[in-house]
Structures are given as structure tokens and as C-alpha cells.
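Read off the chains here:
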Amino acid sequence: GDSVTQMEGPVTLSEEAFLTINCTYTATGYPSLFWYVQYPGEGLQLLLKATKADDKGSNKGFEATYRKETTSFHLEKGSVQVSDSAVYFCALLIGGSQGNLIFGKGTKLSVKP
Amino acid sequence: NAGVTQTPKFQVLKTGQSMTLQCAQDMNHNSMYWYRQDPGMGLRLIYYSASEGTTDKGEVPNGYNVSRLNKREFSLRLESAAPSQTSVYFCASSIVGASLQETQYFGPGTRLLVL
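Worth saying up front: this structure is predicted, and the values here are computed from it rather than measured.

Q: Tell me what's going on with the overall build of chain B, and back it up with residues and numbers.
A: On a plain count of helices and strands, chain B comes out with zero helices and 11 strands. Counted from the first residue to the last, chain B has its helices and strands arranged as β-β-β-β-β-β-β-β-β-β-β. Here the C-alpha radius of gyration of chain B, 14 Å, is about what a compact globule of 115 residues would show, namely 13 Å. Projected onto the principal axes, the alpha-carbon positions of chain B cover approximately 45 × 25 × 25 Å. A burial count over chain B gives 47% of its 115 residues as buried. Sequence-distant contacts, at least 24 apart, represent 55% of the contacts inside chain B between residues at least 6 apart. About 5300 Å² of surface is accessible on chain B, with carbon and sulfur atoms providing 50% of the total. Here chain B contributes 10 positive and 8 negative side-chain charges, whose respective centroids are spaced 8 Å apart.

Put into C-alpha cells, the structure is as follows:
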């Protein structure tokens, strides 16, 4: 079935380090792909999205490119800040699924000053 | 515009007790969802409602019931709580149409502890 696999955490980085969080997916159709972020004590909020192959989603310095050939949607940021400490979830949305998202298990990021 | 609101924020139950988690959205969204979040498991869909008057099971519906009271409100009921239902529960809403670009908007969550 449809699924999302993302790298396990926790990931600990120093401020201004480069971040990559890997995400790969398995889907029978042509999904849209999302990254959601959950700050401590809060609900999830959309970080970025891409709806078709080779699209790049970007927001707040984060980027992810929809790679159909490798079924991947890796999240990157060139220089992380302490305020980026959160849990990041990769998710996919299949057409005809009535809008149901399939989430990865989440990757916790801690950024140290 | 409050977005998605959930009540209560935190609840402790004893095994066998019942309770209802409330969710409301003010964005005129047609679809609403209930998820549970457990450590190392990500978010798993319990039930969803594609439109007012309809509900469908998600990945983990056992032990839960839902009601889509109107377009704004979607409640989740635990008839006889079990320790395995200790979790954080999130409600979400979205507009679902022909486009696949719909974003889900999440509430702040309800932390439930079943003793």
C-alpha cells in the first residue's frame, strides 16, 4: 500500500549547520507531497508542498524537490536556527483518497546554539 | 478567525470511562479528520468526514465513534476508554476538491491519559 518512510531521529545540529531529512514514498498513483512541522506543544502546520514531479516547494528557508525517479522528497535547509527545533513530518496525498494524508513517523530536530 | 479548535486540552480518564473530544473549525472546510499521535508512530487516521452527514473509518477506528454534527463540528467519542487509547489526539480540516493541493489545518491537540 501507500506509505512514507523518513529518516529516524533525533537529529542534533549546531546553529548554522546544513540540514537534510530524507523522505521516500511508495504510491500507486501520482501523489502530492508535503512537509509538516510540529513545534513543541503545538499542532502540525504545513511547511511546504509539491504537487507534481520536479516541483520544488520552499518556505522559511526550507526546500524540497519532488523526485519521481527516486520517489523522494528530501527536506533541506542551508543554515538552521535554534528556532527550527521541532518534529518534521513527510506526508503524501493520493488523488481520490478524499484528502487523506499518509504520514511518515516524524523526525525530531534539535538545534544547539 | 480561530482556525481549528479542540477541547479539552488535557484529560485523565479511568479505564472504562467515556468521554467526547470536541473539534470545531471556522474556515468553511468540507472535510474534517481525527488523528492520534503516538511516539515513534507518526499520525494515524482514526476517522474522517468528507462532508456534513458522512463519516468513514480510517486506519485505526476500533474503540472510537464520531459525529459530524454540522459543517463546523466533528466530535470523537470513546465509549469505554482503555490504556491503549492514551495518546495525543489531533483534529484537522481541509477543503477537498479536484485539486490535490489541499492543505490540512490542525488543531492544538488533546492529550489523553487513560489509567
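Q: A description of the sheet that holds strand S7 (residues 65-68) of chain B should follow, citing residues and the corresponding values.
A: Residue and element names in this part refer to chain B. Across the sheet, which stays open at both edges, the four strands sit in the order S1-S3-S8-S7 with antiparallel pairing between neighbours. The open sheet has two edge strands, strand S1 (4-7) and S7, and neither has a second partner. For this sheet the average axis-to-axis angle between neighbouring strands, irrespective of direction, equals 15°. Where S1 lies against strand S3 (residues 19-25), four bridges are found, and the strand directions are antiparallel. Residue pairing across strands places Val-4 opposite Gln-25, the latter belonging to S3.

Q: Before we move on, could you go through the interface of chain B and chain A and cite the residues and values that matter?
A: Often, the extent of an interface is quoted as the loss of accessible area upon association of its parts. Contacts between chain B and chain A engage 22 residues on the former and 23 residues on the latter. Across the chain B/chain A interface, buried area totals approximately 1700 Å², and carbon plus sulfur atoms make up 55% of it. Applying the counting rule to chain B against chain A returns zero salt bridges. Connecting chain B to chain A are three residue pairs in polar contact (both at pLDDT 80 or more). Elements with a minimum of two residues in the side of chain B that touches chain A: strand S4 (31-38) and strand S5 (42-49) of chain B. Its residues assigned to classes, the side of chain B that touches chain A comprises 12 nonpolar, eight polar and two charged.

Q: For the pairing of strand S5 (residues 32-38) of chain A, give the residues involved together with the corresponding values.
A: All names here are of chain A. By the criterion of burial, S5 is predominantly enclosed, with seven of the seven residues buried. Side chains Ser-32, Phe-34, Tyr-36 and Gln-38 project from S5 onto one buried face, and the interleaved Leu-33, Trp-35 and Val-37 project onto a second face that is buried too. Hairpin geometry of S5 and strand S6 (residues 44-50) is characterised by an intervening segment of five residues between the two adjacent antiparallel strands and by a positive phi of about 75° at Gly-41.

Q: I'd like to hear about the pairing of S6 of chain A, residue by residue, with values.
A: Pairing between S5 of chain A and S6 of chain A: six bridges, direction antiparallel. Bridging from a neighbouring strand, Phe-34 of chain A pairs with Lys-49 of chain A of S6 of chain A.

Q: Quick one: what's the story with the state of the cysteines, residue by residue and with numbers?
A: Two cysteines joined by a covalent bond between their sulfur atoms form a disulfide. Residue and element names in this part refer to chain B. In this structure the tally under the stated criterion is two disulfides over all chains. Between the sulfur atoms of Cys-23 and its disulfide mate Cys-91 the distance is 1.9 Å. On the sign convention where negative is left-handed, the bridge of Cys-23 and Cys-91, at about -75° about the S-S bond, is left-handed. Of this pair, Cys-23 sits in strand S3 while Cys-91 sits in strand S9 (residues 87-94), and the two are 68 residues apart along the sequence.

Q: Any chance you could break down the side chain of Asp-84 of chain A for me, citing the residues and the numbers?
A: With respect to the helices and strands, the residue Asp-84 of chain A is situated in the loop between strand S9 (75-77) and strand S10 (86-93). The residues touching Asp-84 of chain A, leaving out its near neighbours within four places in the chain, are Phe-62, Lys-77 and Leu-109 of chain A.

Conventions and cut-offs
Residues numbered from 1 in each chain as written. Chains lettered and ligands numbered in written order. Predicted model: local features only at pLDDT ≥ 70, side-chain atom pairs only at ≥ 80, totals over all residues. Heavy atoms only, no water. Helix = DSSP H or I, 4+ residues; strand = E, 2+ residues; numbered from the N terminus. Rg over C-alpha atoms; globule rule 2.2 N^0.38 Å. Buried < 20%, exposed > 50% of the residue type's maximum accessible area, 1.4 Å probe, protein only. Contact = heavy atoms within 4.5 Å. Areas by Shrake-Rupley, 256 points an atom, 1.4 Å probe, with all protein chains shown as cover. Lys, Arg positive; Asp, Glu negative; His and termini not counted. Charge placed at Lys NZ, Arg CZ, Asp CG, Glu CD. Pairing = 2+ DSSP bridges. Axes fitted to C-alpha atoms, helices over the stretch in contact; angles between N-to-C directions. Buried area = accessible area lost by both parts, 1.4 Å probe. Salt bridge = Lys/Arg side-chain N within 4 Å of Asp/Glu carboxyl O. Polar contact = N/O pair within 3.5 Å; in protein donor to acceptor, adjacent residues only side chain to side chain. Nonpolar A, V, L, I, M, F, W, Y, C, P; charged D, E, K, R; others polar. Disulfide = S-S within 2.5 Å.

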